[in-house]
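# Commentary on secondary and tertiary structure
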Amino acid sequence: MSSRANIQNQSLHPSNESSVIQPAAMLGMLGGGQLGRFFVIAAHEMGYKVTVLDPDKNSPAGMIADVHLCAAYDDAAALKTMAETCAAISTEFENVPAETLATLATSTIVHPSADAVAIAQHRIKEKTFFKEAGLPIGPFVAVTRESDLPEDGDMYPAVLKVARFGYDGKGQARVANQAEAKAAFQNFKQEVCVLEKMLALDLEVSVVLARDVHGNIAAFPTAENSHLNGILDISIAPARCSEVIKANAQELAKKLAARLNYVGVLGVEFFVVGNQLLINEIAPRPHNSGHYTLDACITNQFEQQVRVITGQALGNPGLHSNAVMVNILGDSWLYSGKQKEPAWDKAFAHGNLKMHLYGKHEPRKSRKMGHFTVIGNDAQAVLNTAKVARSELHIGE
């Protein structure tokens, strides 16, 4: 398997050396979940310190950060501290207020930008951006009032999604007709929504990439994804689809990042319908489908995030192993009807399985508690092992 990097523009070293933030500097992370935790780990390995802002005293990233500011994301005193002490700041999830990023950007380096995050935070803005950029998307209707819901016809069946704060299957409802759409809209308390036509999907794939301030792009291999109850279940890298589809996904993701003038790590999700690729959504941060990069790539997505915000050269994103990543939800503790620790020894018995538990203090149904990745040279053997381990941990039961 080739590990050659998929990198646009080969002059990856920043032209202005004074703009590079060197190790030992303090970096800032908005959000203390598992993505922030992996950022802290990557930053520490590279010699940086990290301040995490998160209102949860038990946040996984906050527990291992050099400084944990346990405050709201719009807390003026906490933001002042970050602005004064952090050489550069990033975010681990898109629901941090864009205004927070804009405020911090007046006095320190912030990537991604508030403008880019604001687009990703709102499904209508996101879909409109895709459309105006000439990127391929499926049919959708913006719904600000009940009368915006189309009559029965070609738009149905569809999925009604709240425009803001919906994720992992939350704030979404499948609807077969206008009556069901109206009921769902009322159930969402008439929040602004987007109605997306359901498509006959052949596959879902994603591309995670890093783009620096000079426009250089390093894209990780296209991954194949499957979902369970609206939550990412398994990612397979490289994706088991045609080379044309994989290459097109890479190019569309790069085009999108350039049009957005994006700086940071970006996840781009696609639907594959026949031979057509349609962009589903973007995540202005490292992405769950990119967790395989921790164990199967020369540079992982969190190291890239550190590299981008510090002005260091982008790392090589090439694969050195086939990989299958499986999410571990709180359901694995609760499958028997009572809380019980999963059979970790069975998972660890697989010598090519890499375990990542996030340090969350309480397992709950549908809560992401960790993931594991199986790596190896034989793609089918890797997938078989991942399926066995998934069953042993009662995932999906």
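In this report, we go over the structure that sits alongside the text. (Residues numbered from 1 in each chain as written. Predicted model: local features only at pLDDT ≥ 70, side-chain atom pairs only at ≥ 80, totals over all residues. Heavy atoms only, no water.)

At a closest axis distance of 8 Å, the pairing of helix H1 (residues 34-45) and helix H9 (residues 301-310) adopts a crossing angle of 70°. Comparing the axis directions of H1 and H9 gives the class roughly perpendicular. Remark: the crossing between H1 and H9 carries right-handed chirality. Counted together, Leu 35, Phe 38, Phe 39, Ala 42 and Ala 43 of H1 and Phe 302, Glu 303, Gln 305, Val 306 and Ile 309 of H9 form the full contact between these two elements. Considered class by class, the residues forming the contact of H1 with H9 number eight nonpolar, one polar and one charged. (Axes fitted to C-alpha atoms, helices over the stretch in contact; angles between N-to-C directions. Helix = DSSP H or I, 4+ residues; strand = E, 2+ residues; numbered from the N terminus. Parallel < 35°, antiparallel > 145°, perpendicular 65-115°, else oblique. Left-handed = near helix turned anticlockwise from the far one by under 90°. Contact = heavy atoms within 4.5 Å. Nonpolar A, V, L, I, M, F, W, Y, C, P; charged D, E, K, R; others polar.)

A few words now on the environment of Leu 209. Structurally, Leu 209 can be placed in strand E11 (residues 203-211). Distance in space between the C-alpha atoms of Leu 209 and Ala 381 is 27 Å, their sequence separation being 172 residues. The contacts of Leu 209, once residues within four sequence positions are left out, are Ile 217, Ala 218, Ala 219, Ala 253, Lys 254, Ala 257, Gly 264, Val 265 and Leu 266.

When the sulfur atoms of two cysteines share a covalent bond, that bond is a disulfide. Scanning the entire structure with this criterion turns up zero disulfides. Of all cysteine sulfurs in the structure, the one in Cys 241 sits closest to Cys 297, which takes part in no disulfide; the separation is 16 Å. Classification of Cys 297 as buried rests on a relative accessible area of 7%. (Disulfide = S-S within 2.5 Å. Buried < 20%, exposed > 50% of the residue type's maximum accessible area, 1.4 Å probe, protein only.)

Bringing the packing of helix H3 (residues 98-105) against helix H4 (residues 114-121) into the picture now. Put simply, H3 and H4 touch, their axes get as near as 8 Å, and they point 175° apart. Here H3 lies roughly antiparallel to H4, going by the angle between them. Counting all contacts with H3, which are made through Ala 98, Leu 101 and Ala 102, the residues of H4 involved are Ala 114, Val 117, Ala 118 and Gln 121.

For the rest of this paragraph, the subject is the sheet that holds strand E10 (residues 193-197). Sheet architecture is open: four strands sit in the order E7-E10-E8-E9, paired in antiparallel fashion. Here the strands that pair on one side only, and so sit at the sheet edges, are strand E7 (140-143) and strand E9 (172-175). Adjacent strand axes in the sheet meet at a mean angle of 20° when their direction is disregarded. Strand direction decides the pairing type here: strand E8 (residues 158-162) and E10, joined by five bridges, are antiparallel. Paired with Ala 158 across the strands is Lys 197, a residue of E10. Together, E7, E8, E9 and E10 form the strand contacts of helix H5 (residues 123-132), whose direction differs from that of E7 by roughly 140°. Lying over the sheet, helix H6 (residues 178-187) contacts E7, E8, E9 and E10, oriented at roughly 165° with respect to E9. (Pairing = 2+ DSSP bridges.)

Read these as geometric descriptors, not functional statements.
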